[in-house]
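Secondary and tertiary structure notes
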Amino acid sequence: MTPSSIPAGRLDSADALAAHLDALVNLDPRLAPVLKSAAPFEIRLQPGGFAGLSKVICGQQVSVASARAIWARFAALDGALDPAGYLELSEETVRASGFSLSKFKTVRVVAEAVLSGQLDFDRLETLSPEAAVAELTTLKGIGPWTAELYLMFCSGHPDIFPAGDLALQKAVQHGLGLDAQPSIKELIDIAAVWSPYRHAAALLFWGHYASLKRREGVPL
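Residues numbered from 1 in each chain as written. Predicted model: local features only at pLDDT ≥ 70, side-chain atom pairs only at ≥ 80, totals over all residues. Heavy atoms only, no water.

1. What about the packing of aromatic side chains?
For clarity, the threshold we go by: Here a pair means two rings of Phe, Tyr or Trp (six-membered ring of Trp) with centres within 6.5 Å. Their orientation is stacked below 30 degrees between planes, edge-to-face above 60, and tilted elsewhere.
Overall, the coordinates contain nine aromatic pairs when judged by the stated rule. Three or more aromatic residues link up through ring pairs in this structure, and these residues are F50, W71, F74, Y86, F99 and F104.

2. Quick word on the pattern of salt bridges
Selection criterion: Salt-bridge detection follows one rule: a side-chain nitrogen of Lys or Arg within 4 Å of a carboxyl oxygen of Asp or Glu. Only runs of H or I of at least four residues qualify as helices and only runs of E of at least two qualify as strands under DSSP, and these elements are numbered from the N terminus. A simple rule labels every residue: compare its accessible area, found with a 1.4 Å probe on the protein chains alone, to the largest value its type can have, and call it buried under 20%, exposed over 50%, or partly exposed in between.
Counting across every chain of the model gives seven salt bridges. Close ionic contact of E91 with R95 constitutes a salt bridge, the shortest N to O distance being 3.3 Å. Here E91 and its partner R95 are both found in helix 6 (residues 91–96), four residues apart, which amounts to about one turn of the helix. The class for R95 is partly exposed, based on a relative accessible area of 38%.

3. Remarks on the packing of helix 10 (residues 144–153) against helix 13 (residues 198–213)
Heads up, the condition is: Axis definition: a line fitted to C-alpha atoms, limited for helices to the stretch in contact. Angles are taken between N-to-C directions and run from 0 to 180 degrees. In this scheme, roughly parallel covers angles under 35 degrees and roughly antiparallel covers those over 145, while 65 to 115 is roughly perpendicular and the rest are oblique. Whether two residues are in contact is decided by their heavy atoms, any of which lying within 4.5 Å being enough. Just so you know the grouping, Ala, Val, Leu, Ile, Met, Phe, Trp, Tyr, Cys and Pro go in nonpolar, Asp, Glu, Lys and Arg go in charged, and all remaining residues, Gly too, go in polar.
The interhelical angle for the contact between helix 10 and helix 13, taken along N-to-C directions, is 105°, at an axis separation of 11 Å. One finds that helix 10 runs roughly perpendicular with respect to helix 13. Touching L149, M152 and F153 of helix 10 are H199, A202, L203 and W206, all from helix 13. Per-class residue counts for the contact of helix 10 with helix 13 are six nonpolar, one polar and no charged.

4. Remarks on the packing of helix 3 (residues 49–58) against helix 7 (residues 101–116)
The line we're drawing: Crossings are assigned a handedness: left-handed for a near helix turned anticlockwise from the far helix by less than a right angle, right-handed for a clockwise turn.
At their nearest, the axes of helix 3 and helix 7 sit 10 Å apart, and the two run at 160° to each other. Taken together, the axes of helix 3 and helix 7 are roughly antiparallel relative to one another. In terms of crossing hand, the pair formed by helix 3 and helix 7 is right-handed. Here F50, L53, S54, I57 and C58 of helix 3 come into contact with helix 7, specifically with K103, T106, V107, V110 and A111. Split by residue class, the contact of helix 3 with helix 7 holds seven nonpolar, two polar and one charged.

5. Details of the environment of F121
Following the sequence through the fold, F121 ends up in helix 8 (residues 121–124). Sequence-wise, F121 and L53 are 68 residues apart; in three dimensions their C-alpha atoms are separated by 9.8 Å. Residues within four places of F121 in sequence aside, it is in contact with G49, F50, L53, V114 and Y150.

What follows is the structure, encoded as structure tokens:
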């Protein structure tokens, strides 16, 4: 079996990542030097459901270190990781952990959707990535980046590439020697050749970004 013919199963182990990276380089040899120069990176799956999506929301538009500190304070709040328990928390309590007003409201929307049955995380796992992203983004405050990172880091979906991520845009420009930073649409087109291993490609380029900046590149 050649690397490019390896089935793109759930990306949930070091062995799976190694296989997907081999397949990526087979599909696009331009990635070989990127892989060689990238800072070390690994699979970072975390529990899904309400807590998992809340953690992704927590990480929006903040540094990795800040997100970890905020999440630690938030997760310590009594009831914070349960939809019903979260709705019992006051805005003041949640925002004291470091959540912005918009994040406080977004997590409330998610909690209400779970309790009403509008959002079923088990059913979400049965959908195509496009359908799952579309369903998640119907919730106010959930954009494509948040939905895509949930599918990557909570579901282990192998074929997700968050083209709206600024670090990925910069890393792909540098790694592929592009004249300009690609737009979201351009990056979607560039990443299409890496299907069905786009999750691994995103990890690779986050690792490349980290090597450029000498800091942690993966956003969760």
